[in-house]
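Here is what each chain is made of, one letter per residue.
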Amino acid sequence: MPVTAGLETTVPARTADMFAEAGRLDGTAERAREALAAMRALLDTVREGGTEVARRPQPTLQALDLLAHQCRATGRDVGIRLTDRVPERLPTAVDPTAYHAAETVLAASGEGSAVLGFDALRAGASGSPAL
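Since the structure is predicted, the reported quantities are computational estimates derived from the model, not experimental observations.

Caption draft 1: Up close: the nonpolar core. Membership of the largest hydrophobic core comes to 15 residues, with the highest contact counts inside it found for L61, L64, L67, A102, L106, L116 and F118. Of all the secondary-structure elements, those providing two or more residues to this core are α3 (64-73), α4 (95-108) and β2 (114-118). Apart from residues no more than four positions distant in its own chain, L106 is found in contact with L67, C71, R76, V78, A114 and L116.

Caption draft 2: Looking closely at the packing of α3 against α4. In the contact formed by α3 and α4, the axes pass within 11 Å of each other and the chain directions differ by 15°. The angle between the axes of α3 and α4 places the two elements in the roughly parallel class. Considering the relative orientation of α3 and α4, their crossing is right-handed. Contacts between α3 and α4 pair L64, L67 and C71 from the former with Y99, A102, E103 and L106 from the latter.

Caption draft 3: Layout of α3. Residues of α3 that are buried include every one of L64, L67, A68 and C71, and no others. The buried side chains of α3 occupy one side of the element, clustering within an arc of 95° when seen end-on. Along α3, exposed side chains directed more than 90 degrees from the buried face belong to D65, L66, H69 and A73. The inward-facing, buried residues of α3 abut β1 (78-82), α4 and β2.

Caption draft 4: Inspection of the side chain of R76 at higher detail. Take R76: it is sitting in the loop between α3 and β1. Buried within the structure, R76 lacks any salt-bridge partner; its nearest side chain of opposite charge belongs to E111, at an N-O separation of 6.6 Å. There is a polar contact of 2.7 Å between the side chain of R76 and the backbone oxygen of G112. Excluding anything up to four places from it in sequence, R76 contacts C71, L106, S109, G110, E111, G112 and A114.

Caption draft 5: Looking closely at α4. Helix length check: α4, at 14 residues, gives a terminal C-alpha distance of 20 Å against a target of 20 Å (1.5 Å per residue), a fit within 8%. Along α4, the residues classified as buried are D95, P96, A98, Y99, A102 and L106. All buried residues of α4 project into a common sector of 165° when viewed along the axis, lining one side. Pointing more than 90 degrees away from the buried face of α4 are the exposed residues T97, T104 and A107. Positive backbone phi, approximately 75°, marks G110, located one or two places after α4.

Quick notes on the rules
Residues numbered from 1 in each chain as written. Predicted model: local features only at pLDDT ≥ 70, side-chain atom pairs only at ≥ 80, totals over all residues. Heavy atoms only, no water. Core = buried A, V, L, I, M, F, W, Y, C linked by side-chain atoms within 4.5 Å. Buried < 20%, exposed > 50% of the residue type's maximum accessible area, 1.4 Å probe, protein only. Helix = DSSP H or I, 4+ residues; strand = E, 2+ residues; numbered from the N terminus. Contact = heavy atoms within 4.5 Å. Axes fitted to C-alpha atoms, helices over the stretch in contact; angles between N-to-C directions. Parallel < 35°, antiparallel > 145°, perpendicular 65-115°, else oblique. Left-handed = near helix turned anticlockwise from the far one by under 90°. Arc of directions from axis to C-beta. Lys, Arg positive; Asp, Glu negative; His and termini not counted. Salt bridge = Lys/Arg side-chain N within 4 Å of Asp/Glu carboxyl O. Polar contact = N/O pair within 3.5 Å; in protein donor to acceptor, adjacent residues only side chain to side chain. Expected span 1.5 Å × (residues − 1).

As far as function goes, none of this settles anything; it's purely spatial.
Listed below in structure tokens is the structure:
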């Protein structure tokens, strides 16, 4: 993804430059303005290129069944276990993170079968040779 690559190179470089000048507040403020201008220019370039990214809500644990279904469609055996201690709604900051953790575990576990287990106090996976 060109946007990701641009941000991954631009932001750390500009941030490092800012911290190098941390002793000089005027220079730091100027570098911060330059970094913001560079990010705006990068985003403007993306917008002008017509590659508008579809905006959609971040997936949550409510979408685990869909994730498992997508994996099963590739011939993979995926199971999900949620204990009774997992609330129906998790805090906003936790819910998407839990989903992305499940997504990462499934991606890292290769093509083999996997069982995702969620508990209110911990999450884990089993059945994967990569774990």
